[in-house]
There are 2 protein chains.
Amino acid sequence: ETLTSFFGWNREINFGNCCPPDVVVWPRSVEEVSALAKICHHHCLPIIPFGTGTGLEGGVGAVEGGVCFSLRNMDRVLDVHQEDFDVTVEPGVTRKALNSYLRDTGLWFPVDPGADASLCGMAATSASGTNAVRYGTMRENVLNLEVVLADGTIIHTAGRGRRTRKTSAGYNLTNLFVGSEGTLGLITKTTLRLYGVPEAMVSAVCTFPSVQAAVDSTVQVLQAGVPIARIEFLDDVMIDACNRFNSLSYPVAPTLFLEFHGSEKSLEEQVTVTEEITRDNSGSDFNWARDAETRGRLWKARHDAWYAALALRPGCKAYSTDVCVPLSHLPQIIVETKEDLVLNRLTGPIAGHVGDGNFHCIMVMDPNDQDEVTRVQEFTERLARRALALDGTCTGEHGVGLGKRALLREEMGPMAIEVMQGLKATLDPKNLMNPGKVL
Amino acid sequence: ETLTSFFGWNREINFGNCCPPDVVVWPRSVEEVSALAKICHHHCLPIIPFGTGTGLEGGVGAVEGGVCFSLRNMDRVLDVHQEDFDVTVEPGVTRKALNSYLRDTGLWFPVDPGADASLCGMAATSASGTNAVRYGTMRENVLNLEVVLADGTIIHTAGRGRRTRKTSAGYNLTNLFVGSEGTLGLITKTTLRLYGVPEAMVSAVCTFPSVQAAVDSTVQVLQAGVPIARIEFLDDVMIDACNRFNSLSYPVAPTLFLEFHGSEKSLEEQVTVTEEITRDNSGSDFNWARDAETRGRLWKARHDAWYAALALRPGCKAYSTDVCVPLSHLPQIIVETKEDLVLNRLTGPIAGHVGDGNFHCIMVMDPNDQDEVTRVQEFTERLARRALALDGTCTGEHGVGLGKRALLREEMGPMAIEVMQGLKATLDPKNLMNPGKVL
Ligand SMILES: Cc1cc2nc3c(=O)[nH]c(=O)nc-3n(C[C@H](O)[C@H](O)[C@H](O)COP(=O)(O)OP(=O)(O)OC[C@H]3O[C@@H](n4cnc5c(N)ncnc54)[C@H](O)[C@@H]3O)c2cc1C
Ligand SMILES: Cc1cc2nc3c(=O)[nH]c(=O)nc-3n(C[C@H](O)[C@H](O)[C@H](O)COP(=O)(O)OP(=O)(O)OC[C@H]3O[C@@H](n4cnc5c(N)ncnc54)[C@H](O)[C@@H]3O)c2cc1C
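Structure report, in brief. (Residues numbered from 1 in each chain as written. Chains lettered and ligands numbered in written order. Predicted model: local features only at pLDDT ≥ 70, side-chain atom pairs only at ≥ 80, totals over all residues. Heavy atoms only, no water.)

**As for the pattern of salt bridges**
Residue and element names in this part refer to chain A.
So, step 1. The tally for this structure, following the rule as stated, stands at 50 salt bridges over all chains.
So, step 2. Of the charged contacts, one joins arginine 163 and aspartate 86 as a salt bridge, the two residues approaching to 2.8 Å between their closest N and O atoms. Placement of the pair is arginine 163 in the loop between β8 (154-156) and α8 (173-177) and aspartate 86 in strand β5 (residues 86-89), with a sequence separation of 77 residues.
So, step 3. Residue arginine 163 is classed as buried on the basis of its relative accessible area, which comes to 6%.
So, step 4. Overall, the relative accessible area of 0% leaves aspartate 86 in the buried class. (Salt bridge = Lys/Arg side-chain N within 4 Å of Asp/Glu carboxyl O. Helix = DSSP H or I, 4+ residues; strand = E, 2+ residues; numbered from the N terminus. Buried < 20%, exposed > 50% of the residue type's maximum accessible area, 1.4 Å probe, protein only.)

**Side note on the side chain of asparagine 243 of chain B**
Residue and element names in this part refer to chain B.
So, step 1. By secondary structure assignment, the location of asparagine 243 is in helix α10 (residues 236-246).
So, step 2. A residue is classified by how much of its surface remains accessible, and asparagine 243, at 9% relative accessible area, is buried.
So, step 3. Separated by 2.7 Å, the side chain of asparagine 243 and the backbone oxygen of tyrosine 250 make a polar contact. (Polar contact = N/O pair within 3.5 Å; in protein donor to acceptor, adjacent residues only side chain to side chain.)

**A look at the sheet that holds strand β7 (residues 142-148) of chain B**
Residue and element names in this part refer to chain B.
So, step 1. Strand order in the open sheet made by the five strands is β4-β5-β9-β7-β8, with antiparallel pairing throughout. The open sheet has two edge strands with one neighbour each: β4 (77-81) and β8 (154-156). Strand-to-strand twist across the sheet, computed as the mean angle between neighbouring axes with direction ignored, equals 10 degrees. (Pairing = 2+ DSSP bridges. Axes fitted to C-alpha atoms, helices over the stretch in contact; angles between N-to-C directions.)

**Some thoughts on the site of ligand 2**
All names here are of chain B.
So, step 1. In the vicinity of ligand 2 lie 35 residues, with Pro49, Thr52, Gly55, Pro113 and Ser118 positioned nearest.
So, step 2. The backbone of glycine 55 places a nitrogen or oxygen atom 2.7 Å from an oxygen atom of ligand 2.
So, step 3. Note that an oxygen atom of ligand 2 is positioned 3.2 Å from one of the side-chain N or O atoms of asparagine 434.
So, step 4. Contact with the protein chains covers 95% of the free accessible surface of ligand 2, which is 970 Å². (Near = heavy atom within 4 Å. Areas by Shrake-Rupley, 256 points an atom, 1.4 Å probe, with all protein chains shown as cover.)

**Focus on the sheet that holds strand β9 (residues 186-193) of chain A**
Residues and elements named next belong to chain A.
So, step 1. One open sheet holds the five strands; their spatial order is β4-β5-β9-β7-β8, and the pairing between them is antiparallel. The sheet terminates laterally at β4 (77-81) and β8, the two strands that pair on one side only. Neighbour-to-neighbour, the strand axes of this sheet turn through a mean angle of 10 degrees, independent of strand direction.
So, step 2. As defined by bridge partners, strand β7 (residues 142-148) adjoins β9 across six bridges and the pair is classed as antiparallel. By the bridge assignment for β9, valine 148 is matched with leucine 186.

**Observations regarding helix α9 (residues 211-223) of chain A**
All names here are of chain A.
So, step 1. An ideal rise of 1.5 Å per residue puts 18 Å on 13 residues; α9 measures up with 18 Å between its terminal C-alpha atoms.
So, step 2. α9 sits mainly inside the fold: ten of its 13 residues count as buried.
So, step 3. Within α9 the residues assigned to the buried category are Val211, Ala213, Ala214, Val215, Asp216, Ser217, Thr218, Val219, Val221 and Leu222.
So, step 4. The elements touched by buried residues of α9 are α6 (132-135), β12 (230-234), β13 (255-262), α11 (264-280) and α14 (330-343).
So, step 5. Glycine 225, located one to two residues past α9, shows a positive phi value of around 75 degrees. (Expected span 1.5 Å × (residues − 1). Contact = heavy atoms within 4.5 Å.)

**Digging into the site of ligand 1**
Residues and elements named next belong to chain A.
So, step 1. In the vicinity of ligand 1 there are 35 residues, among which Pro49, Thr52, Gly55, Pro113 and Ser118 approach most closely.
So, step 2. Note that an oxygen atom of ligand 1 is positioned 3.3 Å from one of the backbone N or O atoms of glycine 59.
So, step 3. Here an oxygen atom of ligand 1 and a side-chain polar atom of serine 118 are 2.7 Å apart.
So, step 4. For ligand 1, whose unbound accessible area comes to 970 Å², protein coverage reaches 95%.
So, step 5. For the shell around ligand 1, the secondary structure elements donating two or more residues are β2 (47-50), α5 (119-125) and β9.
So, step 6. When residues of the shell around ligand 1 are assigned to their parent elements, the largest contribution, five residues, is made by α5.
So, step 7. Tallied by class, the residues present in the shell around ligand 1 amount to 16 nonpolar, 16 polar and three charged. (Nonpolar A, V, L, I, M, F, W, Y, C, P; charged D, E, K, R; others polar.)

**What about the pairing of strand β15 (residues 317-320) of chain A?**
All names here are of chain A.
So, step 1. Neither face of β15 is left uncovered, since the one carrying Lys317 and Tyr319 and the one carrying Ala318 and Ser320 both have all their residues buried.
So, step 2. Where β15 lies against strand β18 (residues 358-365), four bridges are found, and the strand directions are antiparallel. Among the inter-strand pairings, lysine 317 is bridged to a residue of β18, identified as methionine 365.

**With respect to the pairing of β18 of chain A**
Residue and element names in this part refer to chain A.
So, step 1. Within β18, eight of the eight residues are buried, which leaves it mostly tucked inside the rest of the structure.
So, step 2. The side-chain alternation of β18 yields two buried faces, one formed by Asn358, His360, Ile362 and Val364 and the other by Phe359, Cys361, Met363 and Met365.
So, step 3. Relative to β18, strand β16 (residues 323-324) runs antiparallel, the two sharing two bridges. Paired with cysteine 324 across the bridge in β18 is asparagine 358.
So, step 4. Strand direction decides the pairing type here: strand β17 (residues 350-353) and β18, joined by four bridges, are antiparallel. Across the sheet, residue glycine 352 finds its bridge partner in β18, namely phenylalanine 359.

**A short note on the relation of the copies chain A and chain B**
So, step 1. With an RMSD of 0.0 Å, the operation that places chain A on chain B is a rotation of 180 degrees combined with a shift of 0.0 Å along the axis. Both copies of the chain, as the preceding transformation shows, are related through a two-fold rotation axis.
So, step 2. With an isologous cut-off of 70% or more, the 100% of interface residues of chain A that recur at the interface of chain B puts this contact in the isologous class. (Least-squares fit on C-alpha atoms with pLDDT ≥ 70 in both.)

**Focus: the interface of chain A and chain B**
So, step 1. Taken together, the contact pairs 83 residues of chain A with 83 residues of chain B.
So, step 2. Summed over both partners, the interface of chain A with chain B comes to about 6,600 Å²; 58% of that surface belongs to carbon and sulfur atoms.
So, step 3. On inspection of chain A and its partner chain B, the count reaches 40 residue pairs in polar contact (both at pLDDT 80 or more).
So, step 4. When residues of the side of chain A that touches chain B are assigned to their parent elements, the largest contribution, nine residues, is made by helix α17 (residues 414-427) of chain A.
So, step 5. Across the side of chain A that touches chain B, the residue classes break down as 28 nonpolar, 37 polar and 18 charged. (Buried area = accessible area lost by both parts, 1.4 Å probe.)

**Quick notes on the packing of aromatic side chains**
So, step 1. Applying the stated criterion to the full structure yields eight aromatic pairs over all chains.
So, step 2. Between tyrosine 250 of chain A and phenylalanine 257 of chain A, the ring centres sit 5.7 Å apart and the planes meet at 70 degrees, which makes this aromatic pair edge-to-face. Across the pair, phenylalanine 257 of chain A and tyrosine 250 of chain A agree in class, each one buried.
So, step 3. Residues tyrosine 135 of chain B and tyrosine 195 of chain B carry aromatic rings whose centres are separated by 5.1 Å and whose planes lie at 75 degrees to one another, so their mutual orientation is edge-to-face. (Phe/Tyr/Trp six-rings, centres within 6.5 Å; stacked < 30°, edge-to-face > 60°.)

Shown next, in the form of structure tokens:
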């Protein structure tokens, strides 16, 4: 049970064996959310916000029972402001649904965690993913939130209806709720920054003799000011899994998947500069793609990484680690981590948002093999501590959820944790909002 | 006295007539700051953090007396990480000092509020300035803060020594302290994101027949994905003042000052696209500059705007308004504001960071003319309410300070203000940190 709660597992089992809520409600408006929250507050019932359940840290498990607020019926896209590059969405709207909706506007929302998560859920976990290196994470792209607090109070974190690109008006409540993982309030609306759809895109794949060479290329590309849109690292094990899963034949070696956005002319220059840098680092020639279909095929390996990893051992489950370190420490931590995996006989192909210093080991394991599960847990903690020792964090984008609370304490130190506990107690004195998570 | 406190005036008078502190201390280390804070805490003495005193909203006035912590003696630049694009600085380090220090690294810190403010003070006010349109504000560029709380406790908002580009580890304390204007704690270190110095820069000036044409050009340039580094608006009155102050001869009309950063090739394209857009909006031909000296001369008009405004009426004082609205509302609010100025016989040339929707009227007035001062105060409040009615904010970058507390309440609504008050009470239960500001 400790292990299940450490790993969350919620993605596959949703409210499975360990932590189902007592009730699920499907409110249709912020007023209903508020009314229901008031009832919970009155009766001291835990409130668990539920977006699309794609979170990887057990965030929607009802560890103390209570009421699950499924917000999928609130699914309107509100107020697209084309000239101002912003939009407001309700919590039932997913990333893909929004981008379909925007198709004819020339605008898009770039933050992409792979899964088709709800945008409010992404705000709640401070999600990011493959193109944060260019467009930022949810922290940089949420302009305002409507939030229902534990007692049913409705607030707007930047003031009702406000959507300026910047503000210095009072404390930054917006970014206090971004990343709060449902422990401070229910997000019932998020106002997001949008971007112009780039005139053109080019994707490329490049193979390297070593992790160091791939990471050095990344640093140099960023240093050269190339506004690269995605730069993703896959290790040899991951590439091998992708080859098997998709019948591909990429060289089994450290690999970068790249994507460039811009005008035709600027793409040309971005690609030239990047090719030069990768060549200087002994990278292979680019395998590259322009049209949407070929780009899709090229990136399919990266997009299916999770499923390719799972397919390595049918019947097994997967848990994704999520450390993030300063760029210069990436080679060391990846090399040490690969040694650790081998030493402990673990399957953990690596995929990383290397431009942010963030990478994942997709730990594939037999949940019925207690010994293996224990080894994975110990490995995961060693990995996190290795990141902490290198000025890093135990979670770059998935959040703390259930399993990383002890690590968070190590990362922040007792005094900062006390401050966080103080904030939590102020906003949710009865500890009803998603209890047992984060702190 | 109400008026003095409304306008702050602190820039020119520092702890002048109305609000000097009882004591000024110059600690040399975080330990000294902490020890002094403990003494203040024990004796219930207000603590007023002081950076370089360039703040425009009376933030350093000691409205309840107390101890001013001047942090200028803590002036070390610590830990430049060239490969990781980050640096840590103490509160005595100003923006210009940091950029001189970085000269040989190929890196720079772009956030530029005009004044040579301390970087920790800029974090405290969530400053931005001319190139936020490309590089973001302090909110996007602070990675970590060391903070001494009211009771002397030392915390690191992202954990001690951590400096990853992103994190989902617990509540975002960093951005709670960014913009807190000294009311939640003393910032004794800030870790900042750095950028590669662009290969080349080009500046340009362009004149328009109307405010609408200038703003339309701005929107279209952003929509076209031009990664413009600065795009500043000056109205006819401001241009006229600059012409007089610097013996220049710009046409007296709405004007955009632009700056492009990038490689030679990308600059070419950025300039071509932008020129096309401005021409379509009946803009004049670009008056443009490549080398540093000519660029400096070209931009001098913009950089000296504050002093040029003051020179319009020798012996007068100036107060800068600071509203920010969604881009599409800029023409309306600027036009209405100019009418309001004329109607009320006020001198208020306009300069704006138009790419962010943020603009300032530099209100030049005779502080001894009570009638004029009252008219300015009334105008300022009307302007803020006009912004609020257009989904905007009463402060895009200067902060709330003393004078905008009532406006903040209108902007946020009573419930969000209550949340802010709750946060303040948790972090500073005795209300010792810069009392009377923000809330
Ligand atoms: C295959 C796969 C790959 C992934 N890759 C990435 C990646 O690259 N980058 C990345 O960042 N993430 C990644 N994720 C994680 C995931 O997509 C995010 O965590 C997502 O942001 C969660 O959104 P959700 O709507 O599914 O939230 P849920 O899973 O429903 O909830 C997650 C947490 O947020 C809270 N929450 C949800 N909605 C709300 C709301 N409206 N108000 C308040 N709290 C709420 C919940 O209580 C819970 O604590 C991946 C997931 C999968 C399955
Ligand atoms: C001519 C001129 C033009 C300007 N243009 C712009 C502009 O374009 N954009 C913009 O954003 N700003 C602008 N400003 C405002 C100014 O530069 C900023 O407000 C600046 O960020 C404040 O920094 P400081 O070190 O001078 O802080 P101070 O003025 O000393 O203090 C400002 C506030 O921050 C608090 N504070 C200062 N240091 C700390 C610390 N270490 N820890 C905790 N709290 C602290 C103080 O208590 C006070 O409340 C301009 C100012 C001038 C004079």
